[in-house]
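One letter stands for each residue in the lines below.
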Amino acid sequence: METPKILLMGLRRGGKSSIRQVVFHNMQPLETLYLESTSRPTEENMDSLVKFQLQELPGQLDVFQANQEDQSHLYSDVSSIIYVIDSQDEYLMALQNLVQIVETAYKVNPKIHFEVLIHKVDGLNEDFRQDTQRDIIQRVTDELTDMDITNADLTFHMTSIFDHSIVEAFSRIVQKLVPKLSSLTQLLDIFCARSGIEKVFLFDANSKIYLATDSSPVDVETYQICSDFIDVSIDLANLYSKNGSMQSQSGSQQLSCLSKLQNGVNVYLSYMVKGLLLLGMSRSDSQQKLVLVENNICVLRDGLEMIYT
Ligand SMILES: Nc1nc2c(ncn2[C@@H]2O[C@H](COP(=O)(O)OP(=O)(O)OP(=O)(O)O)[C@@H](O)[C@H]2O)c(=O)[nH]1
């Protein structure tokens with residue numbers, strides 16, 4: 001099977017490289033201030049529950065100067081297009097550019113997921129945030145309707161690299177590409193029911209993107225706690241790993257721990273397969289339950305190994 005391709009697009013200085021660095025290379029958000037403008041396409045590869053290649057196209061590259069054949073080639077094997085809009089800047093040009101991209105790409109490949117990031121929302125107050133979101137969605141939808149494009153799969157996300165919203169958005173984007181996701185969700189539902197766990201996630205250890213969860217809703221606060229918990233656990237695991245390596249991957253592969261948070265929630269964390277960490281949360285605890293959860297984690301790991309490796 002071909003590796004799904006995701007394009008990261010948008011105008012110059014929109015925040016594309018910052019997003020790539022923060023999500024895939026753990027760069028501190030403030031360090032992105034010093035990033036230079038990208039001049040050539042740059043790639044990231046992920047091989048976990050889902051295999052994909054993320055390709056950042058420089059903002060200075062005008063795809064509309066390319067001829068029809070080149071454009072068709074660009075979009076033909078693309079699964080998703082992530083389009084970044086700088087919400088702190090004048091965004092009409094960006095919307096025009098986005099609509100043009102959707103029009104061309106949709107004709108070539110109607111199955112593409114268009115993921116619009118209304119980005120840098122950290123600089124907007126709550127009211128202005130809602131107004132900006134409403135305005136952008138309205139304008140894009142109107143333009144596309146005028147072009148008779150009503151079935152394109154467009155999703156809007158409010159993001160910032162200064163909080164967890166960007167990784168949360170990436171999680172939702174990447175999950176659409178996970179093979180057999182609905183079966184996996186069912187499997188996690190069963191795992192929760194049989195283990196007395198209230199919420200479970202499967203995280204990519206490196207990026208903290210969650211690739212699957214059970215069918216109960218996810219709230220941002222829970223996601224933030226989980227993401228921070230994984231960071232701390234991997235740091236500790238690396239500190240005490242046998243070879244003393246500071247590589248997060250080596251630490252995460254030995255991870256298996258249970259902790260009780262200040263709010264009384266028990267967190268189970270365990271390495272599964274292919275760089276994946278399982279994180280489960282539960283309010284109740286007992287020795288009997290711990291044994292049950294550990295046993296069910298082993299069964300789930302074997303199942304994932306059979307399906308995905
Ligand atoms: N406030 C805020 N600034 C951000 C955010 N994301 C990126 N930036 C800033 O936006 C500026 C431009 O970011 P880049 O990542 O270089 O933008 P780009 O889209 O890759 O630009 P090109 O390489 O020219 O196409 C940098 O100064 C970043 O620090 C965000 O979420 N909030």
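Quick caveat, the model's predicted, so the values are computed rather than measured.

Draft legend 1. Main features of the pattern of salt bridges. Taken as a whole and assessed by the stated rule, the structure comprises 12 salt bridges. Between Asp-77 and Lys-5 there is a salt bridge, and its shortest N-O distance comes to 3.5 Å. Remark: Lys-5 occurs in strand S1 (residues 5-10) and Asp-77 occurs in the loop between helix H2 (68-76) and strand S4 (78-86); sequence separation between them is 72 residues. Asp-77 sits in the partly exposed class, given a relative accessible area of 33%. Salt bridges sharing partners connect three or more residues here, namely Arg-20, Glu-44 and Glu-56.

Draft legend 2. Geometry of the sheet that holds strand S10 (residues 266-271). Here 5 strands make up an open sheet; going across it, the order is S8-S7-S11-S10-S9 and the pairing antiparallel. In the strand order of this sheet, the two ends are held by strand S8 (210-213) and strand S9 (256-260), each with one partner. Sheet twist, expressed as the mean angle between neighbouring strand axes with direction ignored, is 20°. Here strand S7 (residues 199-204) pairs with S8 via 3 bridges, running antiparallel. Of the residues in S8, the one forming a bridge with Phe-201 is Thr-213.

Draft legend 3. Structural view of the packing of helix H1 (residues 16-25) against helix H5 (residues 165-175). Closest axis-to-axis distance for the H1/H5 pair is 10 Å, and the angle between their directions is 80°. Judged by the angle between their axes, H1 and H5 are roughly perpendicular. Residue-level contacts link Ile-19, Val-23 and Phe-24 of H1 to Ile-166, Val-167 and Phe-170 of H5. In terms of residue class, the contact of H1 with H5 is built from 6 nonpolar, no polar and no charged.

Draft legend 4. Structural detail: the site of the ligand. If you check the shell around the ligand, you find 21 residues, and the closest are Lys-16, Ser-18, Ser-37, Thr-38 and Asp-122. For the ligand, an oxygen atom lies 3.0 Å from a polar atom in the backbone of Arg-13. Residue His-119 places a side-chain N or O atom 3.0 Å away from a nitrogen atom belonging to the ligand. In isolation the ligand exposes 660 Å². Once the protein is present, 93% of that is buried. The element contributing the most residues to the shell around the ligand is H1, with 3 residues. For the shell around the ligand, the residue count by class is 4 nonpolar, 11 polar and 6 charged.

Draft legend 5. Representation of the domain arrangement of the protein chain in the model. Under the domain assignment, the protein chain is made up of domain 1 (5-176) and domain 2 (180-308). One C-alpha centre belongs to domain 1, the other to domain 2; they are set 29 Å apart. With 16 residues of domain 1 at the contact, the number on the domain 2 side is 20 residues. Note on domain 1 versus domain 2: buried area summed over both sides is about 1700 Å², and carbon and sulfur give 60% of it. For domain 1, the biggest contributors to the area lost against domain 2 are Leu-49, His-164 and Gln-175; these three give 41% of the whole. A salt bridge links Asp-47 to Lys-274, with the shortest nitrogen-to-oxygen separation between them at 3.4 Å. Applying the counting criterion to the domain 1 and domain 2 interface returns 6 residue pairs in polar contact (both at pLDDT 80 or more). Those elements that provide at least two residues to the side of domain 1 that touches domain 2 are H1, strand S2 (42-47) and H5. In terms of residues, the side of domain 1 that touches domain 2 owes the most to one element, H5, which gives 7 residues. Of the residues contributing to the side of domain 1 that touches domain 2, the split by class is 8 nonpolar, 5 polar and 3 charged.

Draft legend 6. Quick peek at H1. With 9 of 10 residues buried, H1 lies mostly within the body of the structure. Of all the residues in H1, the buried ones are Lys-16, Ser-17, Ser-18, Ile-19, Arg-20, Gln-21, Val-22, Val-23 and Phe-24.

Draft legend 7. Examining the sheet that holds S1 more closely. Reading across the sheet, the 6 strands line up as S2-S3-S1-S4-S5-S6 and stay open at both edges, with mixed pairing between neighbours. Edge strands, defined here as strands with exactly one partner in the open sheet, are S2 and strand S6 (153-158). Strand after strand, the sheet turns through a mean of 20° between neighbouring axes, direction not considered. Where S1 meets S4, 6 bridges bridge the pair, whose relative direction is parallel. Each bridged residue has a counterpart across the sheet, and for Ile-6 the counterpart in S4 is Ser-80. Across the sheet, H1 is in contact with S1, S2, strand S3 (51-56), S4 and strand S5 (113-119); its angle to S3 comes to roughly 150°. Running at roughly 165° to S6, helix H4 (residues 126-146) makes contact with S4, S5 and S6 of the sheet.

The rules we used
- Residues numbered from 1 in each chain as written.
- Predicted model: local features only at pLDDT ≥ 70, side-chain atom pairs only at ≥ 80, totals over all residues.
- Heavy atoms only, no water.
- Salt bridge = Lys/Arg side-chain N within 4 Å of Asp/Glu carboxyl O.
- Helix = DSSP H or I, 4+ residues; strand = E, 2+ residues; numbered from the N terminus.
- Buried < 20%, exposed > 50% of the residue type's maximum accessible area, 1.4 Å probe, protein only.
- Pairing = 2+ DSSP bridges.
- Axes fitted to C-alpha atoms, helices over the stretch in contact; angles between N-to-C directions.
- Parallel < 35°, antiparallel > 145°, perpendicular 65-115°, else oblique.
- Contact = heavy atoms within 4.5 Å.
- Nonpolar A, V, L, I, M, F, W, Y, C, P; charged D, E, K, R; others polar.
- Near = heavy atom within 4 Å.
- Polar contact = N/O pair within 3.5 Å; in protein donor to acceptor, adjacent residues only side chain to side chain.
- Areas by Shrake-Rupley, 256 points an atom, 1.4 Å probe, with all protein chains shown as cover.
- Domains from an automatic or database assignment.
- Buried area = accessible area lost by both parts, 1.4 Å probe.

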